[in-house]
Each structure stands twice: as structure tokens, then as C-alpha cells.
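Each chain, written out:
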Amino acid sequence: MKNLKVILSATALVSMAPTALAQVEPAEMTHAEGMMMTVHVKGMVCDFCARAVTKVFGKKDAVDGVHVDLDTGEIHVGLKPGMDLTDEEVASLVKKSGYALVSIEREAL
């Protein structure tokens, strides 16, 4: 019975964790000469999803910052000036994160 109370308490705490933590945009994400990519994906539903995506994309040298919007299923990726990620690289990063790529949009800043 004691173990059940611990499990229920832990479950309640995890379910109350705010998803907004992963949706904070880094202050240095947008450089005037850089590029912004919006990557549409399927399957992201929680803060852990957002953290996984942020971690995988953040390891790339070209990436200046990552913002995950769970409500729209979008990953906003700021790229450093003069750098880019190919569609194949983006698709690989999305797959590595465990999600399905829908589309990629690019916008010069």
C-alpha cells in the first residue's frame, strides 16, 4: 500500500510538470544575417519530447538556438550566419529524436 502511494504521488507530480519550460526561446537565437527554419513534425506531445529535440538539434555547429512549440508541432531552429542544415540532415535529426518529419520551411532573417 505504501508503494502505491509513492507511485501515485510521483505520477501526479510528473503530470503537473509545465510544458512551457521547453518552449522558452533562447535570447541569442536570431542573428540579422542568419536563417530561421521551421520544422513541422508529428508525435511531439510533452516536455520530454521537446527536450530530446532541443538536445539533438543543439549538438549541430550550425544551430544557434532551438525553440519547440508543442501546441503546433513545430521546431524553430535558428542558424548561425553563413551556415545551413540540408533537408537530409534535418530529416535525420528529427528521426534520431524519434519523430516523423512533415515539412521544412526556411526564412532569411
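Refer to the structure printed above.
We now turn to the structure provided with this report. (Residues numbered from 1 in each chain as written. Predicted model: local features only at pLDDT ≥ 70, side-chain atom pairs only at ≥ 80, totals over all residues. Heavy atoms only, no water.)

Considering the pairing of strand E3 (residues 74-79)
Test applied: For every residue, the accessible area (1.4 Å probe, protein chains only) is compared with the maximum for its type, and the residue is labelled buried under 20%, exposed over 50%, or partly exposed between those bounds. A helix here means a DSSP run of H or I that spans at least four residues, while a strand means a run of E at least two residues long, and both kinds are numbered starting from the N terminus. When DSSP finds two or more bridges between two strands, those strands count as paired.
Across the six residues that make up E3, a large majority, six, are buried. Side chains Glu74, His76 and Gly78 project from E3 onto one buried face, and the interleaved Ile75, Val77 and Leu79 project onto a second face that is buried too. For strand E1 (residues 35-42) and E3, the ladder comprises six bridges, and the chain directions are antiparallel. The residue of E3 that forms the bridge with Met35 is Leu79. Bridge count for strand E2 (residues 63-69) against E3 is six bridges, and the pairing is antiparallel. Paired with Gly65 across the two strands is Gly78, which belongs to E3. Hairpin connection of E2 to E3: four residues between the antiparallel strands, including Gly73 at a positive phi of 70°.

Looking at helix H3 (residues 87-97)
Side chains that are three or four residues apart share a direction in an α-helix, a result of its 3.6 residues per turn. The condition that has to hold: Directions from the helix axis toward the C-beta atoms define the arc. Should any heavy atoms of two residues lie within 4.5 Å, those residues are considered in contact.
Taken together, the buried positions of H3 are occupied by Val90, Leu93, Val94 and Ser97. An end-on view of H3 places all buried positions within 100° of arc, on one side of the element. Along H3, exposed side chains directed more than 90 degrees from the buried face belong to Glu88, Lys95 and Lys96. Residues of H3 that are buried make contact with E1, helix H2 (47-58) and strand E4 (100-108). The positive-phi residue at the C-terminal boundary of H3 is Gly98, with phi of around 100°.

Considerations on the packing of H2 against H3
Put simply, the rule is: Throughout, an axis means a line fitted to C-alpha atoms (over the contacting stretch in the case of helices), and angles, computed between N-to-C directions, take values from 0 to 180 degrees. The labels follow the angle: roughly parallel below 35 degrees, roughly antiparallel above 145, roughly perpendicular from 65 to 115, and oblique for the rest. Crossings are classed by handedness, with left-handed meaning an anticlockwise turn of the near helix from the far one by less than a right angle and right-handed meaning a clockwise turn. Nonpolar residues are Ala, Val, Leu, Ile, Met, Phe, Trp, Tyr, Cys and Pro. Charged residues are Asp, Glu, Lys and Arg, and all others, Gly as well, are polar.
Between H2 and H3, the shortest axis-to-axis distance is 9 Å and the interhelical angle comes to 140°. As the angle between them shows, H2 and H3 are arranged oblique. Along this stretch, H2 crosses H3, giving a crossing that reads as right-handed. On H3, the residues touching Ala52, Val53, Val56 and Phe57 of H2 are Val90, Leu93, Val94, Lys96 and Ser97. Among the residues making up the contact of H2 with H3, the classes are represented as seven nonpolar, one polar and one charged.

Overview of the sheet that holds E2
Taken in spatial order, the four strands line up as E2-E3-E1-E4 in an open sheet, and their pairing is antiparallel. Of all strands in the sheet, those with a lone pairing partner are E2 and E4, marking the two edges. Between one strand and the next, the sheet's axes are offset by a mean angle of 20°, whatever the strand orientation. On the sheet, H2 packs against E2 and E3 and is oriented at approximately 165° with respect to E2. Seen against the sheet, H3 touches E1 and E4 and runs at an angle of roughly 135° to E4.

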